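Results of the structural survey
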Amino acid sequence: PGAGKGTQAKKVAALYGGPHLSPGDMFRDHFRRGTELGVRAKAFMDRGELVPDEIVVAMIEQRIAARDCAQGFILDGFPRTVAQAEALDQMLGRAGLPEPLVVHVKLDASLILRRLTGRRVCKVGGEIYNIYDRPPKTPNRCDHDSGELVQRDDDREEVIKERLAAYEEHTQPVVAYYRRRGLVQDLDGSGAPEEVTRALFAVIDREEGRGGHL
Ligand code: AMP
């Protein structure tokens, strides 16, 4: 959480093509539309807990079956548990897709807190700001569409603690799961977003050259 994975995943999707699939964004969209799934997921999210595997896996599985995912896709925030990673292996196998390129964005705890507590999101277009590092030109207004900037409910400090604990317990083992298979590329996430993007594109270009994923 807070490493900049959403910001970076959108850049990858824009440059390399392929749909950007983020369970967090999908749940927030469901909640805005008032679906039962959205309401169920929000309860977990507001406590900083992970949404149960079967819910997340079913949602991703359904999305991946769409035609626009046939050539591959960018997953952002999935898999977050080893069970999800195993489910993804099965899905990729069934779809005839190769093993994924896994990018592990690394960041100090103090910077993670600064990113999460300072984050504000445009209600209209979803553009992301940071009141410390990337403030909007006019306070609380998006530079692009003047939409109101709001704080995510789960970006409050007490929820952040739970999200970091969930990361340690459930998601750290996913990194180990992929590392054993030699699929992980580590990326320093502490720089400015543009710097991280440059380094990320370099990793993708290098790995793409080797064949396999993408
Ligand atoms: P994110 O937008 O990636 O920061 O995710 C926000 C929240 O959505 C997380 O704290 C979880 O509650 C939930 N969530 C997102 N992705 C997953 C996932 N793969 N598994 C379980 N819960 C998830």
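Our subject is the structure that appears above.
Residues numbered from 1 in each chain as written. Predicted model: local features only at pLDDT ≥ 70, side-chain atom pairs only at ≥ 80, totals over all residues. Heavy atoms only, no water.

Structural notes on the environment of Val196
- Inspection of the secondary structure assignment puts Val196 in helix 8 (residues 193–209).
- Judged by relative accessible area, which is 4%, Val196 ranks as buried.
- In this structure the C-alpha to C-alpha distance between Val196 and Gly4, which are 192 residues apart in sequence, comes to 8.9 Å.
- The residues touching Val196, leaving out its near neighbours within four places in the chain, are Gln8, Leu187, Asp188, Gly189 and Gly191. (Helix = DSSP H or I, 4+ residues; strand = E, 2+ residues; numbered from the N terminus. Buried < 20%, exposed > 50% of the residue type's maximum accessible area, 1.4 Å probe, protein only. Contact = heavy atoms within 4.5 Å.)

Notes on the nonpolar core
- By size, the foremost hydrophobic cluster in this structure holds 28 residues, and its most contacted members are Phe27 and Tyr178.
- Listed by contribution, the elements that provide at least two residues to this core are helix 2 (23–32), helix 3 (36–46), helix 4 (53–64), helix 5 (82–95) and helix 7 (157–179).
- Here this core gets 6 residues from one element, more than from any other, and that element is helix 4.
- Discounting chain neighbours no more than four positions away, the residues touching Phe27 are Leu37, Gly38, Ala41, Met45, Val51, Ile55, Val56 and Met59.
- The next biggest cluster of nonpolar side chains, apart from the first, holds 17 residues, and it includes Ala3, Leu101, Val105 and Leu107. (Core = buried A, V, L, I, M, F, W, Y, C linked by side-chain atoms within 4.5 Å.)

A closer look at helix 4
- Taking 1.5 Å as the rise per residue, helix 4 with 12 residues should run 16 Å; its terminal C-alpha atoms sit 16 Å apart, in good agreement.
- Buried residues of helix 4: Ile55, Val56, Val57, Met59, Ile60 and Ile64, and no others.
- Looking at the buried side of helix 4, the elements it contacts are strand 1 (20–21), helix 2, helix 3, strand 2 (74–75) and helix 5. (Expected span 1.5 Å × (residues − 1).)

With respect to the site of the ligand
- The local shell around the ligand holds 16 residues, among which Arg28, Glu49, Gly77, Arg80 and Gln84 are the closest.
- Within the backbone of Val51, an N or O atom sits 3.0 Å from a nitrogen atom of the ligand.
- Within the side chain of Arg152, one N or O atom sits 3.1 Å away from an oxygen atom of the ligand.
- Here the shell around the ligand gets 3 residues from one element, more than from any other, and that element is helix 2.
- Classifying every residue of the shell around the ligand by side-chain character gives 6 nonpolar, 3 polar and 7 charged. (Near = heavy atom within 4 Å. Polar contact = N/O pair within 3.5 Å; in protein donor to acceptor, adjacent residues only side chain to side chain. Nonpolar A, V, L, I, M, F, W, Y, C, P; charged D, E, K, R; others polar.)

Brief notes about the packing of helix 5 against helix 7
- Running from N to C, helix 5 and helix 7 cross one another at 45°; their axes reach a closest spacing of 8 Å. The angle between helix 5 and helix 7 places the two elements in the oblique class. Contacts between helix 5 and helix 7 involve Val82, Ala85, Glu86, Leu88 and Asp89 on the former and, on the latter, His170, Pro173, Val174, Tyr177 and Tyr178.
- Looking at the contact of helix 5 with helix 7 residue by residue, the class counts come to 7 nonpolar, 1 polar and 2 charged. (Axes fitted to C-alpha atoms, helices over the stretch in contact; angles between N-to-C directions. Parallel < 35°, antiparallel > 145°, perpendicular 65-115°, else oblique.)

Brief notes about the state of the cysteines
- Taken as a whole and assessed by the stated rule, the structure comprises 0 disulfides.
- Free of any disulfide, Cys122 has its nearest cysteine sulfur in Cys142, 3.9 Å distant.
- With a relative accessible area of 4%, Cys122 lands in the buried category.
- You can call Cys142 buried: its relative accessible area is 4%. (Disulfide = S-S within 2.5 Å.)

Overview of the pattern of salt bridges
- By the definition in use, this model includes 19 salt bridges.
- Linking Glu61 and Arg94 is a salt bridge whose minimum nitrogen-to-oxygen distance equals 2.6 Å. Here Arg94 lies in helix 5 and Glu61 lies in helix 4, a separation of 33 residues in the sequence.
- Looking at Glu61, the relative accessible area reads 34%, which means it is partly exposed.
- A salt bridge links Glu158 to Arg156, with the nearest nitrogen and oxygen atoms 2.9 Å apart.
- Glu158 gets classed as partly exposed once you look at its relative accessible area, which sits at 48%. (Salt bridge = Lys/Arg side-chain N within 4 Å of Asp/Glu carboxyl O.)

Examining helix 3
- Taken together, the buried positions of helix 3 are Gly38, Ala41, Lys42 and Met45. Looking down the long axis of helix 3, one finds its buried residues gathered within 110° of arc, a one-sided arrangement.
- For helix 3, the elements touching its buried residues are helix 2 and helix 7.
- Among the residues trailing helix 3, Gly48 stands out with phi positive, at a value near 80°. (Arc of directions from axis to C-beta.)

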